[in-house]
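# Fold and contact review
Listed below are the residues making up each chain.
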Amino acid sequence: MSPTEGTTVTHRRYVPHSHAHYGGNLVDGAYGLGLFGDVATELLIRTDGDEGLFAAYSSVEFLAPIQAGDVIEATATLVRVGTRSREIDFEARVVCRSAPDRGPSAADVLDPPVVVTRARGTVVAPPR
């Protein structure tokens, strides 16, 4: 197993209504960052055989709101491989969104998805 630039991992998750933190069923931006930690963990397991440690974000952009009832897709792409550090680009997209105006359980597939968060971060893998 060897870390290869361009390796990508994607997770999808439903955002439950219990995560709504603000009026209008809005979810805090940290929710997306938590997803980035999860996809980074899998990416490191796949490339380095270890969960590694998240060291820092060099940039984070909150581009659109996350709402309870959304289905979020988070992607991590390995963009730089150092001796032990790995730089990763992250993107979170809403792929489905609830449509309460049509009924309490109505929802739509978003085509195209709405990009809600982008970030770049560095993780550290243990020595081999």
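Quick caveat: nothing in here was measured; it's all calculated off a predicted structure.

So, how was this worked out
- Residues numbered from 1 in each chain as written.
- Predicted model: local features only at pLDDT ≥ 70, side-chain atom pairs only at ≥ 80, totals over all residues.
- Heavy atoms only, no water.
- Helix = DSSP H or I, 4+ residues; strand = E, 2+ residues; numbered from the N terminus.
- UniProt positions renumbered as here; feature names shortened; annotations may be inferred.
- Buried < 20%, exposed > 50% of the residue type's maximum accessible area, 1.4 Å probe, protein only.
- Polar contact = N/O pair within 3.5 Å; in protein donor to acceptor, adjacent residues only side chain to side chain.
- Contact = heavy atoms within 4.5 Å.
- Phe/Tyr/Trp six-rings, centres within 6.5 Å; stacked < 30°, edge-to-face > 60°.

### Quick word on unusual backbone geometry
- Residues Asp111 and Pro112 are joined by a peptide bond in cis, for which omega reads 10°.
- Here Pro112 shows up in strand β7 (residues 107–124).

### Things to note about the UniProt feature "domain: HotDog ACOT-type" (unreviewed entry) in the chain
- On the UniProt side, "domain: HotDog ACOT-type" (unreviewed entry) is annotated at positions that read residues 5–128 here.
- With 15% helix and 52% strand, residues 5–128 has end C-alpha atoms that lie 18 Å from one another.

### Comments concerning the side chain of Arg93
- Here Arg93 is to be found in strand β6 (residues 85–98).
- The buried category is assigned to Arg93, whose relative accessible area is 13%.
- One polar contact links Arg93 to Glu91, side chain to side chain, over a distance of 2.7 Å.
- When near neighbours in sequence (up to four residues on either side) are disregarded, Arg93 contacts Val71, Ile72, Glu73, Thr75, Pro113, Val114, Val115 and Val116.

### Points about the packing of aromatic side chains
- Throughout the structure, instances matching the rule amount to 4 aromatic pairs.
- Taking 6.2 Å as the distance between ring centres and 65° as the angle between the ring planes, the aromatic pair formed by Tyr57 and Phe90 counts as edge-to-face. Of this pair, Tyr57 sits in strand β3 (residues 53–62) while Phe90 sits in strand β6, and the two are 33 residues apart along the sequence.
- Of the residues examined, Tyr57 reaches a relative accessible area of 30% and is grouped as partly exposed.
- Exposure remark for Phe90: the relative accessible area of 3% places this residue in the buried category.
- Ring pairing ties together the aromatic residues Phe36, Phe54, Tyr57 and Phe90, which thus form one cluster.

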